[in-house]
Every structure is written in structure tokens, then in C-alpha cells.
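Report on the structure
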Amino acid sequence: MIPISYNVRSLLVRKATTIATALGIGLVVFVLSSALMLARGIRNTLVTNGSAERVKVLRKGSDTEMASGIDSNIVSLVMAAPGVKRDSEGQPLGSPEVVVVIALDKLGVGDGMVSNILVRGVPAQVLKVHPEVHVIAGRPARPGTDEVIVGKGVRGNFKGLELGSTFDLKKNRPVQVVGIFEAGGSSLESEVWCDIETLRTSFGRGSSASSVTLVLESQAAYDGLAAYIENDKQLGLEPMREKVYYDKQSEGTSLFITVIGVFIAVLFSVGAMIGAMITMYGAVSQRSKEVGTLRALGFSRGEVLFSFLIESSVLALVGGIIGSLASMAMTAMDFSMMNFATWQEIRFTFDPSPGIIGGSIAAGAVMGVLGGFFPAIRAARLSPIEAMRQ
């Protein structure tokens, strides 16, 4: 077997072509890894909302809260369902909520740029239902007032979404930001919360709710609760574990990012493989005497073929490591885009994993093998005598 150190020294001798090819493959790995990390971040941000001990109840046939509507008399029946946990005062832990999407001016992206923000109308006991939500600046909004609290993910990114600022919930209905909250990195941090009655009166929602979030006595209580709601045809409601609901909300956006990222990576990978192939073909033509010498020393065609494949693989591995390390820098950034399920802007982060990093590096190595395969065959087929004459 030809020593691997021989291939490494050959790459070091041709510094310019080696660096160019490695960076080309590294760019592909960077794009692929970043796209997969963003898709994972999207899923984690949305699914983090879900708790195994909470249930989301929507109108039957509704895929999202935006398309759902539940009458107030039905809300009280749902809150009294068996399996719903009660607080120390004996009241059911449930939160009827109303959601709307409003357009606000964005800051720092040019004049006139607007985007959608989801506003959630919540009752006074909402923090008991969502214990992961904590006010980190200011104070909670008082029930029955024109006060709101803002998720830290959108704080300062839109006009009026800063502590102490005001914005129009609807035309001629200003509200004041009195608090900033966090929610464990979930998509709730990209929302604005206000009193449910304030939102109802502002948008003419009467006494209805978009959804009802219930806290279970235990995870095992879900089946009984679901059977109670589904068997009562007059309710016309559909219960769903909260994790399942938010997982469905993330599917479209996550799939879109993954497909676009992989598509771009495939296009780039073709260019990277062509670059690797050109590099290796050039290496074969420049090193014909070396190949002839190797063959004259007794190395077989298979050993020469394997040696050149090793060389291209090392080249691709270096590029893959460079690309994966560069993609880790994306974890310091966040990214905002529209959620296709709710049409609200949500801020996501790049979420790496060992599987994504390892898979991206492996993809770079595969590109190197494919790019160096045909040049390696050419090198193996060179006749020792003809190679020495060149």
C-alpha cells in the first residue's frame, strides 16, 4: 500500500489548488449544515411550546388557532371536562385564548417595511397554565386594561414593541408595553400577550375563543379527556396533545427550509465535485512520472487507484471540517421568517447536533470520493513506460 503520508505531502506541495478545492467543498458543507441546523431550530422552537401535560382544544376541522372558533358556553363545558387539573382554589386550570395577527413596522430594515405579529388574548390565570412563561422585565399586564407584555424574541424589532412604548392594537386603540417575557426559547417569545377582553372588544370577537389550553391531572388522563370531548358531537371540538399540535405547526416551515437548503447544497456540491475532479485530473497530468515510478516500483493499478482516492478523500475531509466549523458560528445568530401555519413572523436560532455536523462532514467526504474517482481511474491506467516518457 502506498503510504498515506505520500498523499498528504502531495496536497501540501500544490497549495493553491488544494486550498481552492477544500474551500469549495467547505462552502457546500457550510450551506448544508446551516440549512439542517436552521430546520432543526425551527422544529425545536415550535415544539418547545408543547407540554405532555397540556391539551390544545380547537374547533373540529381546524388546523390552526387562526381558523378555529369556540363559543363561550362551550368553553365552560370544556373547562369542566374530566381529567382537567384544578388549582388550590378548586378552579380548573384552563386558558381560553383568542389570537389575531396584526401588521407592525419593522425596525432596522428600511422605511415602510412591515411584518406580521401574533397577538394572543389571554385570561388572568394564563401564567398558571403556562408556568414556563416568566416576566423578565417590567410587570405582567393587568386584566381589563390596555396593557400588553411582549416576548423577548420580538422586543425592539418592531416599532412600539419596547418596554414603556405604545402601539396601535387596532386603529385608534393604543396599548402600552408594560412587560417583557421569556418562554424557554419557544415561539411564544415571538408573540404579544394582552387581556382577552381587550382583544375581543378591539376586533369584535364577542365572547368566543380561538382555542382552549387545558392542563391535565396527569399524562394518562388524556385518553379520558379526549374521549369525553370527541364523543359529545354537539361540542364539535377536537382535542390534541400540545406537543402534537405544535409539531404539526412546524412541518411546513421546517420542510421548506430543509428542501431549499438541500437544493442549494446539491447545486453547490456539483460545482465542488467538478472542482475536485479538475484538481485531481491536473494532479494526474502533472505527476505522470510519479505514477510511472510507483508502477515501476511494483505498486499495482489497484493500489494507485486507492492512493488517489485517499488523496481526494483527505482533501474533502479537510474541506468538510472547515465548513462544519464555520457553520457553528451561525449558532450566535438568530433568524426571523414567516411561519406558514400562522403567517406570523417568528425568530428562530440555528440548533446544531452531532448528527448534523457528522452527516455534513460525511457528505463532503462523499463529494471528494466522487470527484476523485475518474481521475484515479485514469492514473491507475497509465502505462509505466509511457508515464516515465512524459
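See the structure printed just above.
A quick note: this is a predicted structure, and the numbers were derived from the prediction, not measured.

Another point: the overall build of the chain. Helix and strand content of the chain: 11 helices and 12 strands. Here the chain holds 390 residues, and the buried ones make up 47% of them. Contacts spanning at least 24 positions in sequence make up 79% of the contacts within the chain whose residues lie at least 6 apart. Carbon and sulfur atoms provide 61% of the accessible area of the chain, an area that totals close to 17,800 Å².

Counting across every chain of the model gives 2 aromatic pairs. Ring centres of Phe181 and Trp193 lie 5.0 Å apart, and the angle between their planes is 35 degrees; on these two criteria the pair is classed as tilted. Placement of the pair is Phe181 in strand β7 (residues 173–182) and Trp193 in strand β8 (residues 191–195), with a sequence separation of 12 residues. Look at Tyr245 and Tyr246: their rings are 5.0 Å apart centre to centre, the planes differ by 75 degrees, and that puts the pair in the edge-to-face class. A single burial state applies to Tyr245 and to Tyr246, both of which are buried.

Where nonpolar side chains cluster on the molecular surface, the patch consists of Leu27, Phe256, Ile260, Phe263, Ile264, Leu267 and Phe268 and spans about 630 Å² of accessible area. The greatest single-element share of the nonpolar patch, amounting to 6 residues, is contributed by helix α7 (residues 242–286). By the element assignment, Leu27 lies in helix α2 (residues 15–47). Under the relative-accessibility criterion, Leu27 is labelled partly exposed at 44%.

What follows is about the side chain of Ser95. For Ser95, the position within the fold is in strand β2 (residues 94–105). Of note is the side chain of Ser95, whose polar atom sits 2.8 Å from the side chain of Glu97. Setting aside residues up to four positions removed in sequence, Ser95 forms contacts with Met79, Pro123, Val126, Val129, Ser211, Val212 and Thr213.

Moving on to the nonpolar core. Ranked by internal contacts, the top residues of the largest apolar core, which has 21 residues, are Leu161 and Phe167. Breaking this core down by element, the ones donating at least two residues are β2, β3 (114–122), β5 (147–151), β6 (166–170), β7, β8 and α5 (196–203). Sorting elements by how many residues they give to this core places β2 first, with 4 residues. Formed by 20 residues, the second largest nonpolar core is a distinct cluster that contains Val57, Met79, Val212 and Tyr222.

It is worth spelling out the pattern of salt bridges at this point. By the definition in use, this model includes 14 salt bridges. Between Glu191 and Arg120 there is a salt bridge whose closest N-O contact spans 2.8 Å. In this pair, Glu191 sits in strand β8 while Arg120 sits in strand β3, placing the two residues 71 residues apart along the sequence. Summarising the burial analysis for this pair, Glu191 and Arg120 share the class buried. Arg139 serves as the salt-bridge partner of Glu147, at 2.8 Å between the closest nitrogen and oxygen. The exposure class assigned to Glu147 is buried, which follows from its relative accessible area of 6%. What makes Arg139 partly exposed here is its relative accessible area of 33%.

With that settled, consider the side chain of Glu65. If you trace the backbone, Glu65 turns up in the loop between β1 (54–59) and α3 (72–79). In this structure Glu65 comes out as buried when scored by relative accessible area, which is 6%. Each residue touching Glu65, except ones within four places of it in the same chain, is listed here: Lys56, Leu58, Glu97, Val99, Arg120, Ser210, Ser211, Tyr245 and Tyr246.

Rules used throughout
- Residues numbered from 1 in each chain as written.
- Predicted model: local features only at pLDDT ≥ 70, side-chain atom pairs only at ≥ 80, totals over all residues.
- Heavy atoms only, no water.
- Helix = DSSP H or I, 4+ residues; strand = E, 2+ residues; numbered from the N terminus.
- Buried < 20%, exposed > 50% of the residue type's maximum accessible area, 1.4 Å probe, protein only.
- Contact = heavy atoms within 4.5 Å.
- Areas by Shrake-Rupley, 256 points an atom, 1.4 Å probe, with all protein chains shown as cover.
- Phe/Tyr/Trp six-rings, centres within 6.5 Å; stacked < 30°, edge-to-face > 60°.
- Patch = residues over 30% accessible without salt bridge, like charges linked within 9 Å, V, L, I, M, F, W, Y side chains within 5 Å.
- Salt bridge = Lys/Arg side-chain N within 4 Å of Asp/Glu carboxyl O.
- Polar contact = N/O pair within 3.5 Å; in protein donor to acceptor, adjacent residues only side chain to side chain.
- Core = buried A, V, L, I, M, F, W, Y, C linked by side-chain atoms within 4.5 Å.

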